[in-house]
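Single-letter residue listing:
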Amino acid sequence: MARPDDRPLRRLPQLTPRKATLERCVFCPKLCRSACPVSNAEPRETLTPWGKMSMAYFVANESVPLSPSFAEPAWACTGCFGCRDHCDHHNDVAGTLFAARSALAQAGELPAPARRVLDRFTERAAALGKVAADPRVGPSVDASARVAVLVGCEHARRGTEGGADTVRATARLVGGKVALVDVCCGAPLLYAGDHDGFVRQGARIAEALEGRERVVVGDAGCAAALRVHHAAAGVTMPAPVEHFSELAARELGKLGRLDGALGDGPVRWHDPCQLGRGLGVYEAPRQVLARVLGRAPDEFERRRADGRCSGAGGLLPLTMPDVARGIAEERLADHERSGGGTVVTACASSLRSFQTRGARVLDLATVVLRALDAADGARDRQTATTGDGA
Ligand code: SF4
Ligand code: SF4
């Protein structure tokens, strides 16, 4: 039977394929509300997954005006998939809110910070072209190599240790040089509200991957953009896409022990939302850390599928900086309650957010590179010992 008020989404017709997904939330008793980092940090009904989906739905079917107060909740989402994993329908809230951002932007409602991201996208993405010039990575790179590496533009534009170490460690794990992908995955376009631009970027990156054996991705956000969001948009990659942690977990035998080299105290794994709930990769990074530590890594109270967001995704630090800060501080408070020490992660945005707040944080690639050095050192010592004894 048709709903009593089954109006078409006339104002935002681009959301028609998402109508059933939106309605699931609109008519739901908000079973996922405790999972949303945004409405937990700022407890307003409009910021719950239900509220954000309802606002987009009611703008689309012309029940409320097209105005900033009804449009902007669509940008109040980190894309963490927390609600989806707490929903009996496994409802795709993040993907639908990203689609709503695009439809709202086309209708003329685009928050100023998101507009700035779109205006500066070309400049931001160009940073990937500079990675090859980094003296730390140059010796690991050969444009004709079969294995490609996508560092991610968050690493690239800041010239981070984690970005350089992703390239160097991947080359050593695969036993040869690697080619650098200098095309952005397009995630900033998706998050800002340019879905068509995101799809075009997917076509560009697919072209860049033609002929490669596979691509290893350093930033969990880029890996999810390729494997989840581009796949949902119908863009398929011509080579398998794997996250760096999955490669490292396959090559555990190459990693040495890092006794005390990661600092005093606990070493705790922060599940990036895009790697854990996004790609379902929970074991690989834990296997890597267990190998290099000689014990299981320390854990947050909230971990794996229940792991909490860092607040750094979906452009939230730009659209709602105070809320993003509150989410990050809550995650670091969990870290301190759990015993403090070093956080290891594989999300460039989380890493930066935590470091900005004074936490000791390392990218998983940095840990792996040190473990590769440790294995080499152990081999050299063994050779020297054997030589002495000869
Ligand atoms: S995501 Fe699921 S649980 Fe949450 S409001 Fe929507 S339908 Fe309800
Ligand atoms: S994806 Fe995360 S931030 Fe977005 S509405 Fe769901 S729980 Fe909230």
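Each value, and the rule that gives it
Residues numbered from 1 in each chain as written. Chains lettered and ligands numbered in written order. Predicted model: local features only at pLDDT ≥ 70, side-chain atom pairs only at ≥ 80, totals over all residues. Heavy atoms only, no water. 1 Å grid on protein atoms, 1.4 Å probe; cavity = no way out; pocket = protein on both sides within 12 Å on 5 of 7 lines; lining within 4 Å. Points joined across faces, edges and corners; volume = space filled by probe spheres on them. Helix = DSSP H or I, 4+ residues; strand = E, 2+ residues; numbered from the N terminus. Nonpolar A, V, L, I, M, F, W, Y, C, P; charged D, E, K, R; others polar. Domains from an automatic or database assignment. Near = heavy atom within 4 Å. Buried < 20%, exposed > 50% of the residue type's maximum accessible area, 1.4 Å probe, protein only. Contact = heavy atoms within 4.5 Å. Core = buried A, V, L, I, M, F, W, Y, C linked by side-chain atoms within 4.5 Å. Sits in = over half its atoms within 2 Å of the grid points. Pairing = 2+ DSSP bridges. Axes fitted to C-alpha atoms, helices over the stretch in contact; angles between N-to-C directions. Expected span 1.5 Å × (residues − 1). Polar contact = N/O pair within 3.5 Å; in protein donor to acceptor, adjacent residues only side chain to side chain.

A. How the structure looks around empty space enclosed by the protein. Taken as a whole and judged by the stated rule, the model has two cavities of 30 Å³ or more. Counting residues per element, the ones that place at least two in the lining of the largest cavity are helix 2 (37-41), helix 3 (49-60), helix 5 (82-85) and helix 6 (93-106). Ranked by residue count, the leading element in the lining of the largest cavity is helix 6, at three residues. In this structure, the second largest cavity encloses a volume near 60 Å³. Lining the second largest cavity are Ala35, Pro37, Cys80, Gly82, His86, Arg277, Asp306, Gly307, Arg308 and Cys309. Here the residues of the lining of the second largest cavity are counted per class, giving four nonpolar, three polar and three charged. The two domains that each donate at least three residues to the lining of the second largest cavity are domain 1 (13-110) and domain 2 (123-373).

B. Structural context of the site of ligand 1. Neighbouring ligand 1 are Arg24, Cys25, Cys28, Leu31, Cys32, Cys87, Asn91 and Val93. Partitioning the shell around ligand 1 into residue classes produces six nonpolar, one polar and one charged.

C. Representation of the environment of alanine 324 within the structure. Position of alanine 324 among the secondary structure elements: in helix 18 (residues 321-337). Taking the relative accessible area as the measure of exposure, alanine 324 reaches 6% and is therefore buried. Once residues within four sequence positions are removed from consideration, alanine 324 is found in contact with Ser310, Gly311, Leu316 and Pro317.

D. Summary view of unusual backbone geometry. Backbone geometry places lysine 30, a non-glycine residue, at a positive phi of 60°. Mapped onto the fold, lysine 30 is located in the loop between helix 1 (19-26) and helix 2. Positive phi values are uncommon outside glycine, yet glutamate 62 reaches one of about 65°. Note on placement: glutamate 62 falls in the loop between helix 3 and helix 4 (68-71). Looking at glutamate 62, the relative accessible area reads 35%, which means it is partly exposed.

E. Inspection of the nonpolar core at higher detail. Judged by nonpolar contacts, the single largest core of 104 residues is most densely connected at Leu15, Leu150, Val167, Phe244, Leu364 and Val368. Two domains each donate at least three residues to this core, and these are domain 1 (13-110) and domain 2 (123-373).

F. Structural view of the site of ligand 2. As a matter of local geometry, ligand 2 sits amid 14 residues, with Cys36, Cys77, Thr78, Cys80 and Cys83 nearest to it. Most atoms of ligand 2, that is more than half of them, are within 2 Å of grid points of the largest cavity. Looking at the shell around ligand 2, the elements with two or more residues in it are helix 2, helix 3 and helix 6. For the shell around ligand 2, the class distribution of residues is eleven nonpolar, two polar and one charged.

G. Representation of the sheet that holds strand 2 (residues 179-180) in the model. Judged by pairing direction, the sheet is parallel, and its four strands sit side by side in the order 2-1-3-4 without closing on themselves. Two strands in the sheet have a free side with no partner beyond their single neighbour: strand 2 and strand 4 (241-243). Helix 10 (residues 161-174) contacts strand 1 (147-150), strand 2 and strand 3 (214-217) of the sheet and is inclined by roughly 160° relative to strand 1.

H. Region of the structure containing helix 6. Taking 1.5 Å as the rise per residue, helix 6 with 14 residues should run 20 Å; its terminal C-alpha atoms sit 20 Å apart, in good agreement. Within helix 6, twelve of the 14 residues are buried, which leaves the element mostly enclosed by the surrounding structure. Sitting at the head of helix 6, aspartate 92 places a side-chain oxygen 2.9 Å from the backbone nitrogen of glycine 95. Looking one or two places after helix 6, you find glycine 108, whose phi comes out positive at around 105°.

I. Region of the structure containing the sheet that holds strand 7 (residues 342-345). Here four strands make up an open sheet; going across it, the order is 6-5-7-8 and the pairing parallel. For this open sheet the edge positions go to strand 6 (298-299) and strand 8 (361-363), each flanked by a neighbour on one side alone. The pairing of strand 5 (residues 267-269) with strand 7 spans three bridges and is classified as parallel. The partner of tryptophan 269 across the bridge, within strand 7, is valine 344. Along the sheet, helix 16 (residues 283-293) contacts strand 5, strand 6 and strand 7; its crossing angle with strand 5, the most-contacted strand, is approximately 165°. Packing against the sheet, helix 19 (residues 348-356) makes contact with strand 7 and strand 8, and its axis sits at approximately 160° to strand 8.

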